[in-house]
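Each chain, letter by letter, is given below.
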Amino acid sequence: MVDHDVIPAAGRITTLTGACALVEALRLHGVDTVFGIPGTHNLAIYDALTLSRIRCVTPRHEQGAGYAADGYARATGRPGVVVTTTGPGVVNAATALAQAYSDSSPILLISPGVPTCHPYSGRGYLHESKDQSRAIDALCAWSHRVTSVREIPAAVARAFGRFAEGRPRPVHVEIPADLLDMEDSVKLVSPYRIMPRVPDPLALDEAARLLRGAKRPGFVLGGGAQCPDEDEPPVGRAIMRLAERVGGAVVTTVNGKGSVPESHPLALGATLHLRAVRRWLAECDVVLAIGTELGPADLWEERFSLAGTLIRVDVDPGQMQGDHVADVAIVADAALTVEGLSERIQRRNPVPRSRQEPRYDHERELGELTQRWAEHVRALRRALPKETIVVGDNSMMVYHGAVVALPMDPPGRFLFPSGYGTLGFALPAAIGVKLGRPDRPAVVLAGDGAFQFSLQDLATAVELRLSLPIVISANGGFGEIREEMQQRGMEPVAVDLHCPDFPALALAYGARGQVAKTPDDLHEAVTEALEVPLPTVIVVPEGDRAV
């Protein structure tokens, strides 16, 4: 076992077990927290972790461990690390990994695998899977099974290099169980620095020319415009200056929410899915899209098309030929690209306000969409400090309410499981947020259906003594699916669920719980919960179904 008061120097050859080589590699790459659950085959890893200064956090399910790592990564900009055991532990984390892939979150999943001498035909080994690594490879950027102790530091370095180069997406490193206790000579690998991709000057010239000459420019910002470790994202700040210069409004996807100040007159918020905003965007003669797929999950429309010229900025070259093919493709770092455009586009005479905003009544559509939650969202807005990180689940109060009706200015952030659209994300992700950014207030927003996917992590939040308001909009089941069934003309089936006594459940876990019957009750409850070193479940009933 290595003396962890003295970290072996990178490049030095030393004798370590596979588990110690793994932990030292993680420490060299700045890892301070891992999320996971001990199991028979990963005990050597936990043995090595106990002698390090890396904090071990134990969610109550590996899927929650994945979501917590995702929240940690989104809040800090640093990769989240998950450690599971073999077989069911890995597969339990698979949904969280797939969500991270969809939303471009850097997560490193580490798991043991069957021993190196294990026969391919199988022999009933505990937690044995047909091909664990290959199964996970289908859901993330890549999965790699190491074959020797010496290979472990290089595999970790490769993972962190993958996070820094291009679009950050989850990866999986599998270490055969017998290698974890096996000793060998190991060369620890230094983290290698990858510089941001610099934009092509000719592409910048063409993009600037188009924006300068545009009569109806529009800007779309996605998750790729975020900068988690910055209180005021440099991309958003520069984009608002560009919008002022050329007279274009700025809309964000849900994952882009918080990248620009939504109080700015030219900011339309995270309203890309509104019909009025889509019509406006379709009629823009030049659209600058940064760090977004412009996909159906963002637009809530399958066959959306643009009439104007599309400038795409993304670190992923594959995005240039997606549903919306770029007329000007800039495969580069978003901040460097916007900086280059700003240098080329100087201030010009103010553009009439009528040219700056959508010509359609998106405010009326917004009001119709959010009216059910409007008063409660306003109460949240009054209760939450500006720097709050809001973590939402796939629930109606979130995507019909808070996403569009809870204005957010940096340094506030909004975390949401977009694209893959999983349930149960919010509570464990918020735990990761609070561990990664203990200096920032956070709040969970979820429906009663989504919350029950991961409510067991109340125990995790209690153990960690996290000040965390958990607001549950309770409509007695899966409200969105219920409404979709009714729109199809069918009777709702399997969606009306018993709503448990959530405050009593919170008390049973050692947390706090209460019911907020009015918006004023909600404001008071959230304000108080932010000051208490325990999670607080706050139930907002929606009619008789919540009883």
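Residues numbered from 1 in each chain as written. Predicted model: local features only at pLDDT ≥ 70, side-chain atom pairs only at ≥ 80, totals over all residues. Heavy atoms only, no water.

### Section: the sheet that holds strand β19 (residues 512-515)
Next, step 1: The six strands lie next to each other as β16-β15-β17-β18-β20-β19, forming an open sheet whose pairing is parallel. Both outer strands of the open sheet, β16 (413-415) and β19, are each paired with one neighbouring strand and no more. Between one strand axis and the next, the sheet turns through 20° on average, direction left out of account.
Next, step 2: Note: strand β15 (residues 389-392) against strand β17 (residues 442-447), four bridges, orientation parallel. Considered in β17, the bridge of Gly392 is made with Leu445.
Next, step 3: Against the sheet, helix α16 (residues 396-405) engages β15, β16, β17 and β18 (468-474), with an angle of about 135° to β17.
Next, step 4: Against the sheet, helix α22 (residues 519-529) contacts β18, β19 and β20 (535-541), and its axis sits at roughly 170° relative to β20. (Pairing = 2+ DSSP bridges. Helix = DSSP H or I, 4+ residues; strand = E, 2+ residues; numbered from the N terminus. Axes fitted to C-alpha atoms, helices over the stretch in contact; angles between N-to-C directions. Contact = heavy atoms within 4.5 Å.)

### Overview of the side chain of Thr292
Next, step 1: Along the polypeptide, Thr292 turns up in the loop between β12 (286-290) and α12 (296-299).
Next, step 2: A distance of 3.0 Å separates the side chain of Thr292 from the backbone nitrogen of Leu294, its partner in a polar contact.
Next, step 3: With near-sequence residues (within four places) excluded, Thr292 lies in contact with Val220, Gly222, Thr253, Asp298, Arg312, Asp314 and Gln319. (Polar contact = N/O pair within 3.5 Å; in protein donor to acceptor, adjacent residues only side chain to side chain.)

### Some thoughts on the packing of α16 against helix α20 (residues 479-487)
Next, step 1: Orientation of α16 relative to α20, taken along the N-to-C sense of each, is 90°, at an axis distance of 8 Å. Between α16 and α20, the angle falls in the class roughly perpendicular. From α16, Met396, Tyr399 and His400 reach across to α20, where they touch Gly479, Glu480 and Glu483.
Next, step 2: Counted by class, the contact of α16 with α20 contains two nonpolar, two polar and two charged residues. (Parallel < 35°, antiparallel > 145°, perpendicular 65-115°, else oblique. Nonpolar A, V, L, I, M, F, W, Y, C, P; charged D, E, K, R; others polar.)

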